[in-house]
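Each chain, letter by letter, is given below.
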Amino acid sequence: MDDVKKMFRVIVNGQSVIKQELLSEIKKVDKSLSGRIDSLTTEMKDGFKKVNKRLDLIGKSVAFLEDDTPTREEHDKLEKRVSKVERKLQIQAPV
C-alpha cells in the first residue's frame, strides 16, 4: 500500500508542477497580448471617429445640395418660362 501512495503522490505532484508551469506561461502570454489589444482598441476607436467625421461632412453636403435643388414643380414652371422666352425670341428675330 505504501508503494501505491508514493506513486499516487508522484503523479499528483507532477500534475501540480505542470499546472503551475502552464499558469505562468498563460500569464506571460496574457501580459504580452494585453498591450497589443489595448493599442488595437485605441486605434480602432480613433479610426471610427475619423470615419464618422467624414460621414457627417458628406451628410451635411448632401443636405445642403438637397436644399438648393429645385422641386419638380419649380422645374416644370421653369420649363414653361423658358418655352415662353424661346417663342418671344423667335417672333422678334425672324429666321
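Quick caveat, the model's predicted, so the values are computed rather than measured.

> Whenever I open this one, the overall build of the protein chain confuses me. Can you help?
The secondary structure content of the protein chain amounts to two helices and zero strands. Rg of the C-alpha trace for the protein chain: 40 Å, well past the compact-globule value of 12 Å for 95 residues, more than 25% over. The buried share of the protein chain, reckoned over its 95 residues, is 0%. Put simply, the protein chain shows about 9,700 Å² of open surface, and 61% of that area lies on carbon and sulfur atoms. For the protein chain, the separation between the mean place of its 21 positive charges and that of its 17 negative charges on side chains is 3 Å.

> Explain helix α1 (residues 2–68) here, please?
Because an α-helix packs 3.6 residues into every turn, residues spaced three or four apart end up facing the same way. Helix length check: α1 (67 residues) gives 96 Å between terminal C-alpha atoms against 99 Å at 1.5 Å per residue, within 8%. The buried fraction of α1 amounts to zero of the 67 residues, a small share that puts the element mostly on the outside.

> Is there a simple way to explain a negative patch on the surface in this structure?
Among the surface-exposed residues, Glu73, Glu74, Asp76 and Glu79 lie close enough to one another that they form a single negatively charged patch. Here glutamate 74 lies in helix α2 (residues 72–92). For glutamate 74, a relative accessible area of 44% gives the class partly exposed.

> Can you walk me through a positive patch on the surface in this structure?
Together, Lys77, Lys80, Arg81, Lys84, Arg87 and Lys88 line one region of the surface with positive charge. With respect to the element layout, lysine 80 can be found in helix α2.

> Help me understand the pattern of salt bridges, please; the structure alone is not making it clear to me.
Oppositely charged side chains can pair when the atoms bearing their charge come close. In total, this model carries one salt bridge according to the counting rule given. As a salt-bridge pair, lysine 28 and glutamate 25 come within 3.5 Å of each other at their nearest N and O atoms. A residue pair is termed a helical-turn pair when its members lie 3 or 4 positions apart in one helix, as lysine 28 and glutamate 25 do in helix α1 at three residues. A relative accessible area of 42% means that glutamate 25 is categorised as partly exposed.

> Quick question: what am I supposed to make of a nonpolar patch on the surface here?
Together, Ile18, Leu22, Leu23 and Ile26 give the surface a local cluster of nonpolar side chains, amounting to about 380 Å² of exposed area. Inspection of the secondary structure puts isoleucine 18 in helix α1.

> Explain α2 to me, please; I cannot follow it from the model alone.
For α2, with 21 residues, the first-to-last C-alpha span of 31 Å sits near the 30 Å given by 1.5 Å per residue. Sparse coverage of α2 is indicated by the burial of zero of its 21 residues.

Calculation rules
Residues numbered from 1 in each chain as written. Predicted model: local features only at pLDDT ≥ 70, side-chain atom pairs only at ≥ 80, totals over all residues. Heavy atoms only, no water. Helix = DSSP H or I, 4+ residues; strand = E, 2+ residues; numbered from the N terminus. Rg over C-alpha atoms; globule rule 2.2 N^0.38 Å. Buried < 20%, exposed > 50% of the residue type's maximum accessible area, 1.4 Å probe, protein only. Areas by Shrake-Rupley, 256 points an atom, 1.4 Å probe, with all protein chains shown as cover. Lys, Arg positive; Asp, Glu negative; His and termini not counted. Charge placed at Lys NZ, Arg CZ, Asp CG, Glu CD. Expected span 1.5 Å × (residues − 1). Patch = residues over 30% accessible without salt bridge, like charges linked within 9 Å, V, L, I, M, F, W, Y side chains within 5 Å. Salt bridge = Lys/Arg side-chain N within 4 Å of Asp/Glu carboxyl O.

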